Amino acid sequence: MVFVKRIVLDVLKPHSPSALEFAQAIAAIGADYHVHLTVIEMDENTETLQIEVKGGAIDFERVQNAISDMGGSLHSIDEVETQGAKDK
Amino acid sequence: MNILQHIGFLLRITGSHGIMRRYFVVNGFDGALTMLGLMLGFLLSAPTELSVVISACLGAAIALGVSGVSSAYISEGAERRRALTRLEEAMITDLQESAHGKATRWVPMLIALVNGLAPFLISMLILLPLWLAKAGLILPIAPLYAAIGMALILIFLLGVFLGQIERVSWVVSGIKTLLVALVTVVLIVLFASA
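Residues numbered from 1 in each chain as written. Chains lettered and ligands numbered in written order. Predicted model: local features only at pLDDT ≥ 70, side-chain atom pairs only at ≥ 80, totals over all residues. Heavy atoms only, no water.

*Asks:* Any chance you could break down the pattern of salt bridges for me, citing the residues and the numbers?
*Replies:* Residue and element names in this part refer to chain A. The tally for this structure, following the rule as stated, stands at five salt bridges over all chains. Close ionic contact of Glu52 with Arg6 constitutes a salt bridge, the shortest N to O distance being 2.5 Å. Separated by 46 residues along the polypeptide, Glu52 in strand E3 (residues 46-54) and Arg6 in strand E1 (residues 2-14) bring together distant segments of the chain. Accessibility expressed as a relative area gives 17% for Glu52, which makes it buried. The salt bridge involving Glu79 is made with Arg6; its shortest N-O contact spans 2.9 Å. (Salt bridge = Lys/Arg side-chain N within 4 Å of Asp/Glu carboxyl O. Helix = DSSP H or I, 4+ residues; strand = E, 2+ residues; numbered from the N terminus. Buried < 20%, exposed > 50% of the residue type's maximum accessible area, 1.4 Å probe, protein only.)

*Asks:* Would you mind going over the nonpolar core in detail, with residue names and values included?
*Replies:* One recurring pattern in soluble globular proteins is that nonpolar side chains are buried together. Grouped together as the largest cluster of nonpolar side chains are 31 residues, with contacts concentrated most on Phe22(A), Ile26(A), Ile51(A), Val53(A) and Val63(A). Secondary structure elements with two or more residues in this core: E1, helix H1 (19-27), strand E2 (34-42), E3 and helix H2 (60-69) of chain A together with helix H1 (3-14), helix H2 (17-44) and helix H4 (99-134) of chain B. At six residues, H4(B) tops the list of elements feeding residues into this core. Contacts of Val53(A), omitting those with residues within four sequence positions, involve Lys5(A), Arg6(A), Ile7(A), Ile26(A), Tyr33(A), His34(A), Val35(A) and Ile58(A). Within the second largest apolar cluster, 27 residues are counted, among which are Ala32(B), Val53(B), Ala60(B) and Ala181(B). (Core = buried A, V, L, I, M, F, W, Y, C linked by side-chain atoms within 4.5 Å. Contact = heavy atoms within 4.5 Å.)

*Asks:* Can you tell me about the packing of aromatic side chains, naming the residues and giving the values?
*Replies:* Residue and element names in this part refer to chain B. Counted under the stated rule, the structure contains one aromatic pair over all chains. Measuring from centroid to centroid gives 5.6 Å for Phe24 and Phe161, while their planes differ by 80°, and the two rings are edge-to-face. Linking Phe24 in helix H2 with Phe161 in helix H5 (residues 143-166), this pair joins segments that are 137 residues apart in sequence. Since its relative accessible area comes to 31%, Phe24 is described here as partly exposed. Classification of Phe161 by relative accessible area gives partly exposed; the value is 31%. (Phe/Tyr/Trp six-rings, centres within 6.5 Å; stacked < 30°, edge-to-face > 60°.)

*Asks:* Tell me about the pairing of E2(A), and name the residues and values.
*Replies:* Residues and elements named next belong to chain A. Bridge count between E2 and E3: eight bridges; the pairing is antiparallel. Counterpart to Glu41 in the pairing with E3 is Thr48. Once E2 ends, the chain turns through three residues before running back antiparallel as E3. (Pairing = 2+ DSSP bridges.)

*Asks:* Explain the packing of H4(B) against H5(B) to me, and be specific about the residues and the numbers.
*Replies:* Residues and elements named next belong to chain B. Where H4 meets H5, the axes come as close as 8 Å, and the angle between the chain directions of the two elements is 155°. As far as their axial angle goes, H5 and H4 are roughly antiparallel. The two elements H4 and H5 cross, and the hand of that crossing is right-handed. Of the residues in H5, those in contact with Ile122, Leu125, Ile126, Leu128, Pro129, Leu130 and Ala133 of H4 are Pro143, Leu144, Ala146, Ala147, Met150, Ala151, Leu154 and Leu158. Within the contact of H4 with H5, the residues separate by chemical class into 15 nonpolar, no polar and no charged. (Axes fitted to C-alpha atoms, helices over the stretch in contact; angles between N-to-C directions. Parallel < 35°, antiparallel > 145°, perpendicular 65-115°, else oblique. Left-handed = near helix turned anticlockwise from the far one by under 90°. Nonpolar A, V, L, I, M, F, W, Y, C, P; charged D, E, K, R; others polar.)

Shown next, in the form of structure tokens:
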């Protein structure tokens, strides 16, 4: 069994919803999710974000769905931290 | 997220709160002034049966409601689709399944409902004294005068609502809209008696 403990994503999103709502929507996926969002670049219609998600066992698919539900587009996974655990 | 929070979210991401408020006031004002005009017209013409007055006003209210729904749906739908296309071009991705895509489908319907219901419901409130009189209730004043009074009160309240949005004195804002109604009354009386 392998748990994803930390991921850093490069995301493009429209100005609305705000960065705050965006981070909240991702954090709401898991009880122990810690989200750190940085706006890297901003143009007329879009914002480029770096989103760092930390958690005990990050469900990447749900994070990806939350991003696309909010109108965001995942460009790349820039960093990943995983941890293996013995199956019981 | 419950349904109301979701609606609030869709309105927020499309910046439609202001549009909705504007439509509510503009079309609500249309409804109130139309009813006021009709009541004055009946008051200044030969005495007419209450049922005729109610039917004429109800017809106008329904037409205002349908016109409000259809015109807002068509125009807002086009605006939202255009905005979504521009956003999709900027994002270089399909947003149909995202909140923006859902907003493009739902927000025009919500705005259309507000745009249609505002004049219809305000007209119904203005017609209330006529219905009560027709149902046999004795009003302290004649039903047409009561309906005109109701129209003036609702127009004043629309002004108060505008004042709250603008964060200016609600009394001044209410009086401003009331003045518009009074100018309408004067114009109708002048033209009807000419």
